[in-house]
Amino acid sequence: MIRKFSTKNPAKTRILILGGGFAGSNVLREAQKQFKGSDIEITLVSQDNFFLFTPMLPEISSGMLHASDITTPIRTFCKAANFCHAKILSIDVENKSVSVIRIFDQKESVLEYDYLVLALGSKDNFFGNNNIEEFAFTIKTLEDAIAIRNHVISVLECADQERDQILQEQLLRFVVVGGGFAGVEIATEINHFLRDATKKYYKNIDPEKIRVIIVSARDGILPEVGDELGKFALDYVRKSGIEVITNTKAVDAGEDHVLLSDNTIVPCATLIWAGGVTVDPLIAALKCEHGQSGRLVVDSYLRLKDYPSIFALGDCANLVDSKNNIVYPTTAQIAIKQAELVSENLVAEITGNESSLKQFDYHNKGVMATIGKRTGVALLNGKKIRGFPAWFLWRSFYWAHLPTREKKIKVGFDWLLSLIFPADIMTVGFIKKKTLSRLETPIYSAIERSIDQTPSVSSYL
Ligand SMILES: Cc1cc2nc3c(=O)[nH]c(=O)nc-3n(C[C@H](O)[C@H](O)[C@H](O)COP(=O)(O)OP(=O)(O)OC[C@H]3O[C@@H](n4cnc5c(N)ncnc54)[C@H](O)[C@@H]3O)c2cc1C
């Protein structure tokens, strides 16, 4: 049934959505349904012309999945909306306008709005450390994942030819900073890939020399899943050959090393930073209340305080869950749920029906992570699940949330093929680092400590 809308503003009402991630693209999809048959104009602006399914991003780095498996053109969602492929330059909340620059030819223009939806996600936070920012890889975008993949394979190619033992060991040391979901998932993916690829293809590399090291500022890893599952995850990743250095931070880096907070220098050719996020500078610059990591403080209707025509959601929004007094975490599930609410509240606002505004009241059902081949941990409604069942749940849940049938088929096939065929070691595209100097620093009390803690049996599935 087509809904009839009578808007507060008799002229055409314009909704502008900034960002095409989980939050923005789901507001777009829901709002199109809500406003079907009305003459509301909906436009989504994003610097990427695709939606990226981030939970499977680490699997791009390991070659388990391909870029096109986890990306969907935003235009496929635009049934009755406009898409603007542009980078947002500034947001003027007083004049209700947004400046953008076209990606292709850098032409600038201004988009006006009546209602604005801020869904610009988050950016990596290097805590002001320029060297780490320069020398580390990150795992946030598709380009990041492809860059890691190309780099890791190039390192193997180089190490296979290297006859200098110290330099070869340096090449084969991969440091991942961050013991949260992104850090653990990328470390376990590349660990598995490196060991498989080396055994199969790189005859001059002893797989025992591969050292994947997670540096965690906390006592363990994956604090979100609680102490018991966190301990299980820590023991498991150590058994799979990953060294975990806890209660330690990375404080500096160069192209051939990482410096840790206990003054250990780790010579390496690969540093991956998953050590924290902050908001986009555009969001940080908005003159309104900011919360944790610069996120925008919103009311329970997901509107900015003092700006009822501006909604914010997803990673860039700061909303306190009143039931347990903590800020909703930056997860895809939360972004999707908030998108449903924002589209309904847009209807309430636009029709002037304030009494039907709904509050965000979501009970987070749980968290899940993969921690190695066919192994995971999951905390669902307080129930602790570990090992294969948790991994299977993770895969089923995220597979079911892929946005189109085409993506589900592609991902399903690629997962199936990975059971039959060995790791793909082809590099395509760019390689970030080309040179590496030999760092002859003696090794590294912290790492040796961590090795001592590593149980001897390897049961990486
Ligand atoms: C490696 C990794 C693994 C993850 N795994 C999980 C998981 O297993 N489960 C889970 O729930 N969550 C996971 N997350 C977190 C999840 O991805 C985020 O919480 C979610 O993407 C937030 O959605 P969002 O729409 O707020 O932001 P995003 O999805 O980041 O979308 C932001 C959008 O804004 C656009 N944008 C940003 N700046 C500009 C600009 N200046 N101009 C134009 N466009 C711009 C971007 O292109 C993008 O389209 C993971 C994240 C990463 C990085």
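Before reading further, recall that the structure is shown in the block above.
For clarity, every value in this text was computed on a predicted model and none was experimentally measured.

Turning our eyes to something else, we now look at the packing of helix H1 (residues 22-34) against helix H9 (residues 332-350). Packing of H1 against H9 brings their axes to within 8 Å, and their N-to-C directions diverge by 35°. Along this stretch, H1 crosses H9, giving a crossing that reads as right-handed. Seen from H1, the contacting residues are Phe22, Ala23, Asn26, Val27, Glu30, Ala31 and Gln34; seen from H9, they are Ala332, Ala335, Ile336, Ala339, Glu340, Val342, Ser343, Glu344, Leu346 and Val347. Class assignment of the residues belonging to the contact of H1 with H9 gives a composition of 11 nonpolar, three polar and three charged.

Moving on, we come to the site of the ligand. As a structural note, the neighbourhood of the ligand is formed by 28 residues, with Ala23, Asp48, Thr54, Gln333 and Tyr398 the closest of them. Side-chain polar atom of threonine 54 to an oxygen atom of the ligand: 2.4 Å apart, as the coordinates give it. Between threonine 330 and the ligand, the recorded distance is 3.2 Å, taken from a backbone N or O atom to an oxygen atom. Alone, the ligand offers 1000 Å² of accessible surface; in the complex the protein occludes 91% of this. Secondary structure elements with two or more residues in the shell around the ligand: H1, strand E5 (82-92) and H9. Grouping the constituent residues of the shell around the ligand by class yields 12 nonpolar, 11 polar and five charged.

General note: in soluble globular proteins, nonpolar side chains tend to be found buried as a group. The biggest cluster of nonpolar side chains holds 126 residues, and the ones touching the most others in it are Ile15, Leu18, Met56, Ile91 and Leu118. When residues of this core are assigned to domains, at least three map to each of domain 1 (14-124 + 278-356) and domain 2 (130-275 + 367-453). If near-sequence neighbours (up to four positions away) are discounted, leucine 18 is found in contact with Val45, Ile88, Ile91, Val98, Leu116, Val117, Leu118, Ala119 and Leu120. With 16 residues, the next largest nonpolar core counts Ala136, Val175, Ile213 and Cys268 among its residues.

What follows is about the sheet that holds strand E13 (residues 242-245). The sheet built from five strands is open, its strands ordered E10-E17-E11-E12-E13 with parallel pairing. Since the sheet does not close on itself, it has two edges, and those belong to strand E10 (137-138) and E13, each with one partner. Sheet topology note: the strand E11 (residues 173-177)/strand E12 (residues 211-215) ladder contains five bridges and is parallel. Considered in E12, the bridge of arginine 173 is made with arginine 211. The sheet strands contacting helix H6 (residues 181-201) are E11, E12, E13 and strand E17 (270-273), and the helix crosses E12 at an angle near 175°.

On to the pairing of strand E8 (residues 115-118), then. Both faces of E8 are covered, namely the face carrying Tyr115 and Val117 and the face carrying Leu116 and Leu118. Pairing of strand E1 (residues 14-18) with E8, which is carried by four bridges, proceeds in the parallel orientation. What sits directly across from isoleucine 17, in E8, is valine 117. Judged from the three bridges that link them, E8 and strand E21 (residues 307-312) form a sheet pairing that is parallel. By the bridge assignment for E21, leucine 116 is matched with isoleucine 310.

To continue, consider the packing of helix H10 (residues 388-400) against helix H11 (residues 405-420). Across the interface, H10 lies against H11 with an axial gap of 10 Å and an inter-helix angle of 150°. The angle between H10 and H11 falls in the class roughly antiparallel. For the pair formed by H10 and H11, the contact residues are Arg395, Trp399 and Ala400 on the first element and Lys408, Val411, Gly412 and Trp415 on the second. For the contact of H10 with H11, the per-class residue count stands at four nonpolar, one polar and two charged.

What counts and what doesn't
Here, residues in each chain are numbered from 1, in the same order as that chain's written sequence. Selection of residues for local features in this predicted model requires a pLDDT of at least 70, selection of side-chain atom pairs for listing and counting requires 80 or more, and totals for whole chains, interfaces and linings are taken over all residues. Heavy atoms from the whole structure form the basis of all side-chain values; hydrogens and water molecules are not counted. Between N-to-C directions, angles span 0 to 180 degrees; the directions come from axes that are lines fitted to C-alpha atoms, helices contributing only their stretch in contact. A run of H or I in DSSP becomes a helix once it reaches four residues, and a run of E becomes a strand once it reaches two; helices and strands are each numbered from the N terminus. What makes a crossing left-handed is the near helix being turned counterclockwise from the far one by less than a right angle; a clockwise turn instead makes it right-handed. Contact criterion: two residues are considered in contact whenever any of their non-hydrogen atoms come within 4.5 Å of each other. Under the convention adopted here, Pro, Cys and the residues Ala, Val, Leu, Ile, Met, Phe, Trp and Tyr are nonpolar, Asp, Glu, Lys and Arg are charged, and Gly plus all remaining residues are polar. Proximity is defined per residue: if any heavy atom of the residue lies within 4 Å of a molecule or strand, that residue is considered near it. In the analysis that follows, any N or O atom pair within 3.5 Å is treated as a polar contact, provided that within protein one partner can donate a hydrogen and the other can accept it, and provided that, for residues neighboring in sequence, both atoms belong to side chains. Only the protein chains shown count as cover for residues, and the accessible areas themselves come from Shrake-Rupley with a 1.4 Å probe. The criterion is simple. A nonpolar core is a set of buried Ala, Val, Leu, Ile, Met, Phe, Trp, Tyr and Cys residues joined through side-chain atoms within 4.5 Å. To sort residues, take the accessible area from a 1.4 Å probe on protein chains only and compare it with the maximum for the residue type: under 20% means buried, over 50% means exposed, and anything in between is partly exposed. Bear in mind that the domain bounds are from an automatic or database domain assignment. Paired strands, in this sense, are two strands between which DSSP finds at least two bridges. We call two directions roughly parallel when the angle between them is under 35 degrees, roughly antiparallel when it is over 145, roughly perpendicular when it lies between 65 and 115, and oblique otherwise.

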